[in-house]
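# A closer look at the structure
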Amino acid sequence: MAAHLSSGRVNLTALREAGRRELREFLDKCAGSKAIVWDEYLTGPFGLIAQYSLLKEHEVEKMFTLKPGRLPQADVKNIIFFVRPKLELMDIITDNVLREDRGRSPQRDFHILFVPRRSLLCEQWLKEQGVLGSFIHREQYSLDLIPFDGDLLSMESESAFKECYLESDQTSLYHAAKGLMTLQALYGTIPQIFGKGECARHVANMMIRMKREFPGSQNSIFPVFDTLLLLDRNVDLLTPLATQLTYEGLIDEIYGIQNTYVKLPPEKFAPKKQGEGGKDLPTEPKKLQLNSAEELYAEIRDKNFNAVGSVLSKKAKIISAAFEERHHAKTVGEIKQFVSQLPHMQAARSSLANHTSIAELIKDITTSEDFFDNLTVEQEFMSGIDTDKVNNYIEDCIAQKHPLIKILRLVCLQSVCNSGLKQKVLDYYKREILQTYGYEHILTLNNLEKAGLLKSQTSGRNNYPTIRKTLRLWMDDVNEQNPNDISYVYSGYAPLSVRLAQLLARPGWRSIEEVLKMLPGPHFEERQQLPTGLQKKRQHGENRVTLVFFLGGVTYAEIAALRFLSQMEDGGTEYVIATTKLINGTSWIKSLMEKLEPAPF
Amino acid sequence: MSRARADEEEYWHSSKFRAFTFDDEDDELSQLKESKRAVNSLRDIVDDDDDLERVSWSGEPVGSISWSIRETASSSTSSLEGQDSSLQKGSSSYAAFPKQASSYSLSSLFKGEVSPLCLSLSALSDTGLKNYAPELRRPKAEYKDYSSDWNPRDTVIRMQRGKVCSLERFRSLQDKLVLLDEAVAGHDGNVITAVLIFLKRTLRREILFRELEVRQVALCHLIYFLKETGEQKLLLDLLRTDCASFPSLQLSQYREHLNIQDVEKRREFLKGCIGLPFSAEDISHIQDHYTLLERQIIIEANDRHVETAGQAEIFRKYPRKASILNMPLVTTLFYSCFYHYTEAEGMFSSPTNLKKTFKIPDKQYVLTALAARAKLRAWEDVDALFTTKNWLGYTKKKAPIGFHRVVEILQRNNAPVQVLQEYVRLVEDVETRLNLATKYKCHDVVIETYKDLKDRIQLTAYKCKVERGSAEEEKINSILNNMVRKH
């Protein structure tokens, strides 16, 4: 289950185990049988830490989803609410508690576990409703950084970007800093910290301050990470807006990967059985887990989608050949040998079948005319063509009432690639959007403007071409099959964020001072002193390990690009990636949209 | 060879169990006792983690948390129907994962790795007795919970660790502000909000607002808090101060309209928003929003009446699918082009009136009107949309959106070929015209275009696309003959 976490350069199983232990300790605090009432959002992230068996070992007998009304019957001693600190959830809990039958015996005890933090605001709210006293234990479970894969950690904090850039609420940065302290406690102090952006500066400051305030936190673990690179999402607003073109990136763009799981349309996965041709086709979406534990997936996830087909067909040939072997097996020994490989072959076959189906589903979309048109416009913007006037395709899409998020992604992309739109162009887009989709979206447009995704070109200067050229963000000769540069992940565009990481490792940021000044926020370097005994003596040829922390979210394509750099033969650096949230353009824009009431019909 | 082969066959076929199905044609492998045993024995080797991973159809690993919620929830529903069966069901669902205790615990290994000397993080992340990560002791001092003279800094740190602190001893304004600044410096929104709640309770509103004006981060938190807890009145008060220009306050009041269901009340509310100190641009949009809703209310009342009375044929023929209230402007324009196309400009529900009031651009208007009239198959209206007369009285066809778009929209509404080809003919770009004409089988246009291009080869080739013996075929033949004669 967790084997994939230890496959990378840094063994992240330790982090998962720390999380499990904390959970067990809390459960044991509430003695006796228990039922857990779940804030549904949390089940995904918790699933990456623990499974039901762990809970059951600690006397959790029932589990329910949090919803208003009377709590279900359950003969347990304790009812524990696992919730995020949100006021609307407090209202539901209040309702649950108030409807509890006081006459029943024995009485059930209530507890709350706040994830990731206790909130004084929530507790005050419960107090005002008169139920705060009903809870025996009110605790917090600091699920700060959750291990997703051998080289990937996420806080799964959906609103981190919005809070930081729209609401000036830096609580998620405080959590990021705390998560980094936890990491350092497990994997040693990180000697070098680099950063770019306001939020990065804050996090570094908090880390230094936390260390100063708790001098005891100095530990004696040999440092696993050599460098920490903190990057603000708003240093690179461009990358998430573009459509990701890696296999994993496209799965996320089209179906959305949640906590390593993806739900797919079931038709392509119908089990083929003789005799019952399409009798009972499953109607529930097919749910698959995607991580590096699956050999084939680990191989193709980060490839450009155009290179996936050939790998799949090569695999199919290998597997068929392997099954053919049976004809050559003559002796009992050979047969045994063959049979002993069967389970592995069978797993490989079903993995191949799944990914062939997924690739087919994706191909249907990537070969559609609209996907092509959309991509063409994106690539024009990113390579700097016609970013300063109203775009025909966008106009057409609005007229045909394509999904608003698609429109916003494109308009924002154009704005970012032009360092802001001309006032006339911006006004035109805004007017068209409001008239077609409704005036209430002015709230969303305002949010996008506050976040800097949409703006008018005030300085009259477009810095993007300089940035593009200096950082080589657009590569005309991209090799999708056998890439030699990170730009393959967007078929031409090299993600700015990853370019910054690449240039930091070699030759260093000093070479790009000018461009760094054009990007928002300060760039800085800090050093954390290590006791002499812990200073690393690097073996010849040993790679450095850099933790890149994306504050405000990271896309799968950026992760793929960093993995590509890790695997480069003479790269010299391996990367582990941490983020506040795994995002794509759609989920990101959605998090910035004002939650509007559903249409009345 | 053949002997060996026979042995092999016999071996394969002797197994009784169907281990797995292989979809390929050569399905000799499908009955294999050995493989099943191999699969099973391997499972024991592979699953040495304490979490036995099995996957149900929906892909949810059996035993995962979300799977279990469904599982335990369903057994609890059935417990309402019959106690006995629920017991069985419950126990069988647990039996689904028999491997509970893990053979070895990772934590034991983990503990061994960590030197007891290394100090904990607990001081950073705990709330009490919980430790995150390595096994470690907290400094004794941590347990002291009572000191009475915490300075602002210590108070904030303690609150960050989730401890309850009385803030009452911060009495003077000066002390309170220092406390607030410390909280802001700590970046923990939870603590900042707690301090703000305290300040809000203990400070006069004017003073609080005045101080927040120069403390933007704190102001943001207060605004967020007021929005969350629905204290609209305080928000309005804030809007009347010098904080009004603050970005997160902008439109905060306007957003409230979304929570108002009753349209009349919503309209009144929007009217109130027009006077608020928002930016000029925002105000103009809000003004439009208000005007639109006002119109929609009038149109809705009228049309509902007409529809129920059954007076107008259009409503009988095409009953309304939904009310027009709260729809976007373009949707409203479509509605009005559909049901009220011929009305005089003076009427609120007439398309021309909407166009004027909201300064709808020509392009947008033509697109919407075209879609609406095409849906009703009112081809004369479509024709009129693109016909302009110059001062000499000559008529001319013009489309601000380009005729290829017109063709697409007409085609989507299943316009007959006669109508379609009239507009295909007007497409200026020859190549686009040919493409569209071929795609939608407007033979005449294709033939004429090739004729103009003097393209014999294409014309001859096109002959096979038209029906044999049809007028089109004759036409092609006569053109081809003419071309020959000229040469």
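Residues numbered from 1 in each chain as written. Chains lettered and ligands numbered in written order. Predicted model: local features only at pLDDT ≥ 70, side-chain atom pairs only at ≥ 80, totals over all residues. Heavy atoms only, no water.

What chain B contains, in helices and strands, is 26 helices and 4 strands. Taking all 487 residues of chain B together, the buried fraction comes to 46%. Counting contacts in chain B only where the partners sit at least 6 residues apart, residues at least 24 apart contribute 45% of the total. (Helix = DSSP H or I, 4+ residues; strand = E, 2+ residues; numbered from the N terminus. Buried < 20%, exposed > 50% of the residue type's maximum accessible area, 1.4 Å probe, protein only. Contact = heavy atoms within 4.5 Å.)

Check the secondary structure of chain A and you find 23 helices and 15 strands. Taking the principal axes of its C-alpha atoms as reference, chain A extends roughly 75 × 75 × 70 Å. Scored against the burial criterion, the 601 residues of chain A give a buried share of 62%. For chain A, the proportion of contacts with a sequence separation of at least 24, taken over those separated by at least 6, is 79%. Here chain A displays about 23200 Å² of accessible surface, and carbon together with sulfur accounts for 50% of that area. Taking the 74 positively charged and 76 negatively charged side chains of chain A as two groups, their mean positions are separated by 3 Å. (Areas by Shrake-Rupley, 256 points an atom, 1.4 Å probe, with all protein chains shown as cover. Lys, Arg positive; Asp, Glu negative; His and termini not counted. Charge placed at Lys NZ, Arg CZ, Asp CG, Glu CD.)

Okay, the sheet that holds strand β12 (residues 286–289) of chain A next. By definition, the strands of a sheet pair up through backbone hydrogen bonds, in either a parallel or an antiparallel sense. All names here are of chain A. Pairing is antiparallel in the open sheet, where 3 strands are placed in the order β10-β11-β12. The open sheet is flanked by β10 (257–258) and β12, the only strands paired with a single partner. Alignment of β10 against strand β11 (residues 261–264), held across 2 bridges, turns out to be antiparallel. Across the sheet, Q258 pairs through a bridge with Y261, a residue of β11. (Pairing = 2+ DSSP bridges.)

For the rest of this paragraph, the subject is the state of the cysteines. All names here are of chain A. Going through the model one piece at a time under the given rule, you end up with 0 disulfides over all chains. With no disulfide of its own, C397 lies closest to C412 among cysteine sulfurs, the gap being 14 Å. Judged by its relative accessible area of 2%, C397 falls in the buried class. (Disulfide = S-S within 2.5 Å.)

Below, the discussion takes up the domain arrangement of chain B. According to the domain assignment, chain B consists of domain 1 (148–245), domain 2 (376–441) and domain 3 (449–486). Each of domain 1 of chain B and domain 3 of chain B has a C-alpha centre, and these two points are 84 Å apart. (Domains from an automatic or database assignment.)

This part takes up unusual backbone geometry. Residues and elements named next belong to chain A. Cis geometry is found at the peptide bond from V115 to P116, where omega equals 0°. Assignment of secondary structure puts P116 in the loop between β4 (109–114) and α5 (120–128). The linkage connecting R506 with the following residue, P507, adopts the cis geometry, with an omega of 5°. You can see P507 is positioned in the loop between α20 (496–505) and α21 (513–518). Even without glycine at this site, E59 takes up a positive phi of about 65°. One can find E59 in the loop between α3 (52–57) and β2 (60–65). Residue K401 is not a glycine yet carries a positive backbone phi of 55°. Along the chain, the position of K401 falls in the loop between α15 (392–399) and α16 (404–416). In this structure K401 comes out as partly exposed when scored by relative accessible area, which is 40%.

Right, let's get into the sheet that holds strand β3 (residues 78–83) of chain A. Residue and element names in this part refer to chain A. Reading across from one edge, β2-β1-β3-β4-β5 is the order of the 5 strands in this open sheet, with parallel pairing throughout. Edge positions in the open sheet fall to β2 and β5 (135–140), since each of these has one partner strand only. Averaged over all pairs of adjacent strands, the angle between their axes in this sheet comes to 20°, without regard to strand direction. Both β3 and β4 contribute to a ladder of 6 bridges, which runs parallel. By the bridge assignment, V83 is partnered in β4 with F114. (Axes fitted to C-alpha atoms, helices over the stretch in contact; angles between N-to-C directions.)

What characterises a pair of aromatic rings is the spacing of the ring centres plus the angle enclosed by the ring planes. With the rule as written, the count across this model stands at 25 aromatic pairs over all chains. With a centroid separation of 5.2 Å and 25° between ring planes, the pair formed by F46 of chain A and Y141 of chain A is classed as stacked. Of this pair, F46 of chain A sits in helix α2 (residues 40–47) while Y141 of chain A sits in the loop between β5 and β6 (146–149), and the two are 95 residues apart along the sequence. A residue is classified by how much of its surface remains accessible, and F46 of chain A, at 0% relative accessible area, is buried. When its relative accessible area of 0% is taken as the criterion, Y141 of chain A is described as buried. Ring centres of Y318 of chain B and F338 of chain B lie 5.5 Å apart, and the angle between their planes is 85°; on these two criteria the pair is classed as edge-to-face. One end of the pair, Y318 of chain B, is in the loop between α16 (313–317) and α17 (329–339); the other, F338 of chain B, is in helix α17, and 20 residues separate them in sequence. Its relative accessible area of 28% is what places Y318 of chain B among the partly exposed residues. (Phe/Tyr/Trp six-rings, centres within 6.5 Å; stacked < 30°, edge-to-face > 60°.)

Below, the discussion takes up the pattern of salt bridges. Residue and element names in this part refer to chain A. In total, this model carries 57 salt bridges over all chains according to the counting rule given. Of the charged contacts in the structure, one is a salt bridge between R84 and D39, with a shortest N-O distance of 2.7 Å. Placement of the pair is R84 in the loop between β3 and α4 (87–98) and D39 in the loop between β1 (34–38) and α2, with a sequence separation of 45 residues. You can call R84 buried: its relative accessible area is 18%. (Salt bridge = Lys/Arg side-chain N within 4 Å of Asp/Glu carboxyl O.)

Accessible area lost upon the coming together of the parts serves often as the stated size of an interface. Residue and element names in this part refer to chain A. One can read the domain layout of chain A as domain 1 (3–143), domain 2 (144–239 + 495–600), domain 3 (247–269 + 284–367) and domain 4 (370–462). Computed over C-alpha atoms only, the centres of domain 2 and domain 3 are separated by 32 Å. Taken residue by residue, the interface counts 9 residues in domain 2 and 11 residues in domain 3. In total, domain 2 and domain 3 occlude about 960 Å² of area from one another, counting both sides; carbon and sulfur atoms represent 41% of this. We note a salt bridge from R301 to D149, for which the minimum N-O separation is 2.9 Å. (Buried area = accessible area lost by both parts, 1.4 Å probe.)

Attention now goes to the packing of helix α8 (residues 173–186) of chain B against helix α9 (residues 189–202) of chain B. All names here are of chain B. Packing of α8 against α9 brings their axes to within 8 Å, and their N-to-C directions diverge by 160°. Between α8 and α9, the interaxial angle falls into the category roughly antiparallel. Both α8 and α9 take part in a crossing whose hand is left-handed. Facing K176, L179, L180, A183 and V184 of α8, the residues of α9 in contact are V191, I192, V195, L196, F198, L199 and T202. (Parallel < 35°, antiparallel > 145°, perpendicular 65-115°, else oblique. Left-handed = near helix turned anticlockwise from the far one by under 90°.)

Once that is clear, we can look at the nonpolar core. Counting residues in hydrophobic clusters, the biggest one holds 252 residues, and the most contacted among them are L230 and L453 of chain A together with L410 of chain B. It is helix α13 (residues 332–366) of chain A that provides the largest number of residues to this core, a total of 10 residues. Here L410 of chain B is in contact with L370, A374, W379, V382, A415, V419, L420 and Y423 of chain B, once residues within four sequence places are set aside. The next biggest cluster of nonpolar side chains, apart from the first, holds 59 residues, and it includes L132 of chain A together with I197, L219 and L238 of chain B. (Core = buried A, V, L, I, M, F, W, Y, C linked by side-chain atoms within 4.5 Å.)

This brings us to the environment of T227 of chain A. All names here are of chain A. Here T227 shows up in strand β9 (residues 227–232). Residues T227 and A501, spaced 274 residues apart in sequence, show a C-alpha to C-alpha distance of 11 Å. Leave out the neighbours within four places in its chain, and T227 touches I190, Q192, F194, R544, V545, T546 and L547. At 2.8 Å, the side chain of T227 forms a polar contact with the side chain of R544. (Polar contact = N/O pair within 3.5 Å; in protein donor to acceptor, adjacent residues only side chain to side chain.)

This part is about helix α1 (residues 13–29) of chain A. Taking 1.5 Å as the rise per residue, α1 of chain A with 17 residues should run 24 Å; its terminal C-alpha atoms sit 25 Å apart, in good agreement. Taken across its 17 residues, α1 of chain A has 14 buried, putting it largely inside the fold. (Expected span 1.5 Å × (residues − 1).)

This next bit is on helix α22 (residues 556–567) of chain A. With 12 residues, α22 of chain A should reach 16 Å at 1.5 Å per residue; the first-to-last C-alpha distance of 16 Å fits that figure. In terms of residue burial, α22 of chain A counts as a mostly covered element, since 11 of its 12 residues are buried.

Turning our eyes to something else, we now look at the confidence of the model for chain A. Across chain A, the average pLDDT comes to 90, with 94% of residues at 70 or higher. Overall, residues 274–278 of chain A carries pLDDT values under 50, and its contacts beyond four positions in sequence, including any with other chains, amount to 3 contacts. (pLDDT = per-residue confidence, 0-100.)

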